[in-house]
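# Coordinate analysis (summary)
These are the residues of each chain, in order.
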Amino acid sequence: MDHEERFTASHWEELLQQIDLEVDQMAIVCQVPLAEPGVAERVLANDNFVAGHENAAAFKKLRGLLAMHYAVTRQMVGELGGDATVAIAEHVRQHLAPRIGHQLDAPEKRET
């Protein structure tokens, strides 16, 4: 694969989709509500108290994958520009949403 083929919008979308699917899977394993504001930042800060289930290996992998997501996104902005990157990221989220459902939302609060 040469440079021109490697950095097409479809390449970036496929790469981001693969990373985000793994991020979502690890977040589900760790019961991390990534859809909640500030949670991704807490994962990157290595705050494992955000996890609802203790699994050190899965949390470490989640943290690494999340960092990779942000690194790839920065590279996409450099290659494609901000608007194209936002469009690709939104398309990836929409594509993965049916597979993930509400598993990344915060758990329902129980009334006592």
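Residues numbered from 1 in each chain as written. Predicted model: local features only at pLDDT ≥ 70, side-chain atom pairs only at ≥ 80, totals over all residues. Heavy atoms only, no water.

In this section: the packing of helix α4 (residues 56–80) against helix α5 (residues 82–100). Viewed as axis vectors pointing N to C, α4 and α5 meet at an angle of 135°, and their least axial separation amounts to 7 Å. Judged by the angle between their axes, α4 and α5 are oblique. With respect to the hand of their crossing, α4 and α5 are arranged in right-handed fashion. Contacts between α4 and α5 involve Thr73, Met76, Val77 and Leu80 from the former and Gly82, Ala84, Thr85 and Ile88 from the latter. When grouped by side-chain class, the residues that make up the contact of α4 with α5 number 5 nonpolar, 3 polar and no charged. (Axes fitted to C-alpha atoms, helices over the stretch in contact; angles between N-to-C directions. Helix = DSSP H or I, 4+ residues; strand = E, 2+ residues; numbered from the N terminus. Parallel < 35°, antiparallel > 145°, perpendicular 65-115°, else oblique. Left-handed = near helix turned anticlockwise from the far one by under 90°. Contact = heavy atoms within 4.5 Å. Nonpolar A, V, L, I, M, F, W, Y, C, P; charged D, E, K, R; others polar.)

For the rest of this paragraph, the subject is the nonpolar core. In this structure, Leu16, Val23, Val32, Leu34, Val43, Phe59 and Leu62 are the most contacted members of the largest nonpolar core, which totals 28 residues. At the level of secondary structure, the elements contributing two or more residues to this core comprise α2 (9–30), α3 (39–44), α4 and α5. Here this core takes 8 residues from α2, the largest share from any one element. Discounting chain neighbours no more than four positions away, the residues touching Leu16 are His69, Val72, Thr73, Met76, Ile88, Ala89 and Val92. (Core = buried A, V, L, I, M, F, W, Y, C linked by side-chain atoms within 4.5 Å. Buried < 20%, exposed > 50% of the residue type's maximum accessible area, 1.4 Å probe, protein only.)

To continue, consider the packing of α2 against α4. Running from N to C, α2 and α4 point in directions that differ by 160°, and their axes come no closer than 9 Å. Taken together, α2 and α4 sit at an angle that is classed as roughly antiparallel. The two elements α2 and α4 meet at a crossing, and its hand is left-handed. Of the residues assigned to the contact of α2 with α4, the class counts are 19 nonpolar, 3 polar and 4 charged.

The end-to-end C-alpha separation of α2 is 31 Å, in line with the 32 Å expected for 22 residues at 1.5 Å each. Residues of α2 that are buried include every one of Trp12, Leu16, Ile19, Asp20, Leu21, Val23, Asp24, Met26, Ala27 and Cys30, and no others. On the buried face of α2, the contacting elements are α4 and α5. Just past α2, the residue Gln31 takes up positive phi, approximately 55°. (Expected span 1.5 Å × (residues − 1).)

The backbone phi angle of Gln31 is positive, close to 55°, even though this residue is not glycine. In this structure, Gln31 sits in the loop between α2 and α3. On the accessibility criterion, Gln31 (48% relative accessible area) is partly exposed. One non-glycine residue, Asn46, lies in positive phi territory at about 65°. With respect to the helices and strands, Asn46 occurs in the loop between α3 and α4.

The subject of this paragraph is the side chain of Asp24. Counting through the fold element by element, Asp24 comes out in helix α2. For the buried Asp24, no salt bridge is present, and the opposite-charge side chain at shortest range is Arg99, 8.5 Å distant. Apart from the residues lying within four places of it in its own chain, the contact partners of Asp24 are Leu96, Ile100 and Leu104. (Lys, Arg positive; Asp, Glu negative; His and termini not counted. Salt bridge = Lys/Arg side-chain N within 4 Å of Asp/Glu carboxyl O.)

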